Each structure stands twice: as C-alpha cells, then as structure tokens.
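Per-entry structural report
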Amino acid sequence: MIRKLESGEYRLYSRKVDPKTHKRRNLGTFKTREAAEKHEREVQYFKHH
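First, a word on what this report is: a plain description of the structure on this page. Computed from a predicted model, the values in this text were never measured in an experiment. (Residues numbered from 1 in each chain as written. Predicted model: local features only at pLDDT ≥ 70, side-chain atom pairs only at ≥ 80, totals over all residues. Heavy atoms only, no water.)

Notes on the pattern of salt bridges
For the record, the criterion: The rule for a salt bridge is simple: a side-chain nitrogen of Lys or Arg has to be within 4 Å of a carboxyl oxygen of Asp or Glu. Runs of H or I in DSSP of at least four residues are treated as helices and runs of E of at least two as strands, each being numbered from the N terminus. For the exposure calls, accessible area comes from a 1.4 Å probe over protein chains only, and a residue counts as buried if that area is under 20% of its type's maximum, exposed if over 50%, partly exposed in between.
Throughout the structure, instances matching the rule amount to four salt bridges. A salt bridge links R15 to E40; its shortest N-O distance comes to 3.8 Å. Taken as a pair, R15 in strand β2 (residues 10-17) and E40 in helix α1 (residues 33-47) lie far apart in primary sequence, 25 residues in all. The partner of E37 in a salt bridge is R33, and the shortest N-O contact between them spans 3.1 Å. One end of the pair is E37 and the other is R33, both in helix α1 and four residues apart, which spans about a single turn. Exposure remark for E37: the relative accessible area of 29% places this residue in the partly exposed category. With a relative accessible area of 36%, R33 lands in the partly exposed category.

What follows is the structure in structure tokens.
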C-alpha cells in the first residue's frame, strides 16, 4: 500500500496491520511512485518464493 507524504515522497506500507502496534509497517520511503511500486512488486515476489 503506497501513500503520498506531505514532503512529496511516497511511502510503502504493509498491507496488513501489525498486531503489536495496530499500525501498518513502514516498508520504505521513495522519491517517486514508480520506485515505490517497483519495490512493492519485489516484496510480493520475495514473500511468495
């Protein structure tokens, strides 16, 4: 899940909520949406291989 920050950067959050903190985990901050989407694909690939 990608959200745009006030600074203009994009942050990738986990899809599920962390049971301990009840928030989504921050999986990285990126300058462009394309970079964030690319990393999200890499994370999904890693999770399934």
